[in-house]
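# Breakdown of the fold
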Amino acid sequence: MQRVGVFVCWCGTNIAGTVDVVAVAEALKSEPGVVFSANYQYMCSQAGQDMIKEAIKEHKLTGIVVCSCSPRMHEATFRKTAAAAGLNPYMVEIANIREQCSWVHKDMLTGTEKAIILGKAAIAKVNLNAPLTPGESPVTKRALVIGGGIAGIQTALDIADAGFPVDIVEKKPTIGGKMAQLDKTFPTLDCAACILTPKMVDVAQHDKIRIFSYSEVTEVNGFVGNFDVTIKKNARYVKEDVCTGCGACVEKCPMKRIPNEFNLGMDNRPAIYIPFAQAVPKVATIDPNACNMLKNGKCGVCSKVCAAGAIDYTQKDEYINEKYGAIVVATGFNPISMDKFDEYAYNQSKDVITSLEFERLTNAAGPSAGKLLRPSDGKHPHTIVFVQCVGSRCESCAEKGKEYCSKICCMYTAKHAMLTRDKYPDTEVYVFYIDVRTPGKNFDEFYRRAVEEYGVKYVKGMVGKVVPEGDKLKVQASDLIANKQLHIDADLVVLAAAIEPDKSARPLATMLTASMDTNDFFTEAHPKLRPVESPTAGVFLSGACQGPKDIPETVSQAGAAASKVIGLLAKDKLTGNPCVANSNELMCNGCSSCANVCPYGAITYEDKEFRMPDRTTKVRRVAVVNPAVCQGCGACTVTCPSGAMDLKGFANLQIMAEVDAICK
Amino acid sequence: MHNNKYLQEEIIRISGVNPSKCMRCGKCSATCPAYDEMEYHPHQFVNMVESGDIEPLLNSESLYKCLSCFACIDRCPRGVQPAKVVEAVRLTAIRKKGANRMTADAVPAMVDEDTPQQLLVSAFRKYTK
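Residues numbered from 1 in each chain as written. Chains lettered and ligands numbered in written order. Predicted model: local features only at pLDDT ≥ 70, side-chain atom pairs only at ≥ 80, totals over all residues. Heavy atoms only, no water.

### Structural notes on the domain arrangement of chain B
Residue and element names in this part refer to chain B. The condition that has to hold: Either an automatic procedure or a domain database provided the assignment from which the domain bounds are taken. In short, buried area is how much 1.4 Å probe accessible area vanishes from two parts on joining, totalled over both. Criterion for a salt bridge: a side-chain nitrogen of Lys or Arg within 4 Å of a carboxyl oxygen of Asp or Glu. What qualifies as a polar contact is a pair of N or O atoms within 3.5 Å, subject to a donor-acceptor requirement within protein and to the restriction that residues adjacent in sequence count only when both atoms come from side chains. Put simply, Ala, Val, Leu, Ile, Met, Phe, Trp, Tyr, Cys and Pro go in the nonpolar bin, Asp, Glu, Lys and Arg in the charged bin, and everything else, Gly too, in the polar bin.
The domains assigned to chain B are domain 1 (5-96) and domain 2 (101-129). For domain 1 versus domain 2, the distance between C-alpha centres works out to 23 Å. Around 650 Å² of area is buried between domain 1 and domain 2 when both sides are counted, 49% of it from carbon and sulfur atoms. When the area that domain 1 buries against domain 2 is broken down by residue, the three leading residues are Tyr 64, Arg 90 and Ile 94, summing to 65%. Taken together, the connections running from domain 1 to domain 2 amount to one salt bridge. On the surface where domain 1 and domain 2 come into contact, there are three residue pairs in polar contact (both at pLDDT 80 or more). Grouping the amino acids of the side of domain 1 that touches domain 2 by side-chain chemistry returns four nonpolar, one polar and four charged.

Rendered as C-alpha cells:
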C-alpha cells in the first residue's frame, strides 16, 4: 500500500473562489492510502514546495497528489519538488481543480464536489503508480539541412560555426534557392546576389559543411539524436570533383533550346548547364531528358571540349547513408500555378507575367540583361499593371488559390513598382490592391515612398479581367474608393502569385513523421513558444516551409533553428520520457495493429523464442517498442485487440481505477 | 442610414449568401459587364445588405441591369456570390403586390422575329413573381 500525501492549492482565489479547499483536503483525508492532507494558498511557491518536501520526509510518503492547476502548468515543478525530497518524480499526480473545475463552475457546492471527485481519481491512480526512470540515448553530433536556399544556408552556417558538421541536401544543381533569382531586396534595395553569393561561398568553403547538390532525401529512419538517412545523389554525368566550372561545354553544347528553369523559361539553356554564374558548386550538370548523347548515344561534344575530362556519360545515381542527430527542414516555397486564373490571361499572353518572372526580367543576369522589355515583342512597356493577391486570401476557390495571405507580395510589388518608376520615369505604374500589408521595420515607409516620391498609382480594388487585344492588354478593374470601373490599356501585367510550400515537402513530412497543416506548411511544436521545432523530436523548421516569410524573417528563423540544433547536439546523451508504451509479449499475438497506428514508427516486430508449458520452445512474432522513439501518445494501447500494449504511467489499470473512483 | 433588419434577414435567407465573408476586394465590380448601367454595383449590393441599407437597393433600377451572367460568382475569391444577393433583392422587390416588372400583355410589343424564345422565358423568370 502506498503512503499518499494530498496537497490542495488555493491558487489565491483562482481555486478557493469557487472550491472549498479546506473541505476538499478534509474529504480526501479518508481515501485509501492517504496518510496526510493539507491545503495552502500557493502550492507552487517556495513555501508550498517546502511544505511538500517536509511532508514527504516526515510522513514517509511514497506518493503525492497535488490538487491544483493543469499538469501542463506545474506538473514539472512538483515532480522536481518530489525528486528533491528523494521521491521518484513519477509518483506525483496532479488533480486539475482549476482549469477543469474552479474556472468552469460558478457554484461553490458543485465546484467543491467535483474537486473532491477529481482528487479521489488522482489518489486511485497514484496508488497504482510505480517509480519510472527515463532512459538515455546517445547523440550523433552531425546535422542534416534539407534545402539549400537562404534558410538552409543560414542554418547550416550557424550550426557549422558552433563546431558541428552539417550536410546540406539540395535538389537543384546549385544552392541559393529563390533568393538567387531575385534582383533587389526590400526595403533596403540591396542587390540579392551581392548579399547571398558571399554566403554561398562561405558554405562551400566551410570545413564543417558538405553540400549534396542535385540530391534528395529518400529515406529517414531512427529518432532524435540518431537519425539514419539515405540521400540519393542524382547522376549529373559530370564528375563534381574534376569539373572546374569553366563553361566550355556549356558554350559548345549543340542542344541549346531547352527552357531555362532559372529564368522561369523566359530564355533557353543548353542540355549541359550551370544554372548561374555564381552557382555553388560551380559544376556543370547534364539534363538527361535533353542530352542527345544520353538519349541516342550521338554527340559527345561536351566530353571532347572538356579539358579536365570531367564528363562521364555512364555516371549512375548514388545512394549515401549517413547518421544525424538533428534534421532541419528548409524546403522553401514556390509561386502557385497561374493556369487556373483564366481571367488574367496568363496563358494567353506572354506579357502577363508573375512577379518572380518580373524579378528575372529586371535582373542584370536575366534574359533581357536587366532591361525591362515585354517578353512578346521586346518593346519597352509604358503602362504596367500590378495585381496583388492573385490566389492569396482566396477562400472559395481552394482548387485555384490559397486561403492564407502570402505575406511577401505587398512589399515586393511596392519594390517592383518603385524600381520601375525609378529606372523608367516615362512608365505609368498601377498597383491594384485589396489591403496593403506592411508590418515590418521600415516597410510602411518604403510603400509610402513608392506612392509619394515615385508616383506609383495605388488603386484600392481588384482587376476583374485582362483581355489581350492587338499588342495591348485590356485591363478591367475596380476603383472602390472612386466607385468607378477602370479600363486600362496596359503593355505588361504582373501577377503577384500566391506562394505555396515546395511539392517535395509533403513526402518529406511523411518520411520524417513531422506534421503539416492542410496547406502543406510544416506545423511548429507551439505556434508562439516553439516556433522553429516540429512536434517530432529532433526535427526543426527553417524558412518558408513553415509559413510564408520574407528574407529577414527567414534568416532570423534559420538562426533560431540552428541554435535549437546546437542545443541538441551539444548534449552527449538525451533523457527520454519514461511514460512510453510497452508490450506484454506473453499476450501479444503479433497482429501488427499497433505498428500500423503508431505515428512515430516506434514499434517493430521481432521473432522471439518462448518456452511453452510442455517444455518445448516456440518462436512467436511479438511487438517491441523503441522507448527512445515512442512519444507516449497511447494510440497503440487502444488499438491492441489483445490488451498487450500498455502505457507506463498511464496503464489501463490506472485509468480504470480513476474511472471507478469518479463513478463510485 | 436606414437599417431594415427584417428585409436584411429575408435577403440573406433567400440568397443563402453570407455577406460578412466579403473582404472588400471589388473583384465582382471589376468583372461586371453591366457596371456602367448600374447605380449600385455588385460590391455595393453585398456591402449594403451587410449593413442593412436595403431600401435604396429595392428602389434602384440596378436590380434589372444585372445580366445574371454570374461572372462575379465565378471570380469572387471569398465565395460570396454577389449575383445571388442581387437576385434576392430583386425577388424581394417584385414579390410585392403589383410590382411585376413585365406583364404578359406587354410582351407582343417587345417581340420581333429575332427574339429567341429563351429570352422571353428568362425575362419572365427574372421580372415576374
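### Description of the sheet that holds strand 10 (residues 209-212) of chain A
Residues and elements named next belong to chain A. The following threshold applies: Any two strands are treated as partners once DSSP identifies two or more bridges connecting them. Working definition: helices are DSSP H or I runs of at least four residues, strands are E runs of at least two. Numbering for both runs from the N terminus. Inter-axis angles, ranging from 0 to 180 degrees, are taken between N-to-C directions of lines fitted to C-alpha atoms, where helices are fitted over the stretch in contact. Whether two residues are in contact is decided by their heavy atoms, any of which lying within 4.5 Å being enough.
In space, the five strands of this open sheet follow the order 10-7-6-18-29, with parallel pairing throughout. Across the chains shown, the open sheet's two edge strands, defined by having one partner strand only, are strand 10 and strand 29 (539-541). Averaged over neighbouring strand pairs, the angle between their axes works out to 20 degrees when direction is ignored. With four bridges connecting them, strand 6 (residues 143-146) and strand 7 (residues 166-169) associate as parallel partners. Looking across to strand 7, one finds that Val 145 is bridged to Ile 168. This element, helix 16 (residues 551-569), spans strand 6, strand 18 (326-329) and strand 29 of the sheet and lies at about 160 degrees to strand 29.

### A closer look at the domain arrangement of chain A
Residues and elements named next belong to chain A. When its domains are assigned, chain A resolves into domain 1 (4-126), domain 2 (134-234 + 318-332 + 502-576), domain 3 (236-316), domain 4 (336-498) and domain 5 (581-648). Relative placement of domain 2 and domain 3: their C-alpha centres are 28 Å apart. When the two sides are added together, the surface that domain 2 and domain 3 hide from each other amounts to roughly 1200 Å², 60% of it contributed by carbon and sulfur. For domain 2, the biggest contributors to the area lost against domain 3 are Pro 173, Gln 181 and Tyr 214; these three give 38% of the whole. Taking the shortest distance from any N to any O, the salt bridge between Glu 240 and Lys 233 comes out at 2.8 Å. Viewed at the interface, domain 3 and domain 2 are joined by eight residue pairs in polar contact (both at pLDDT 80 or more). The dominant element in the side of domain 2 that touches domain 3, judged by the number of residues it contributes, is helix 8 (residues 192-205), at five residues. Each residue belonging to the side of domain 2 that touches domain 3 can be placed in one class, and the counts come to nine nonpolar, five polar and two charged.

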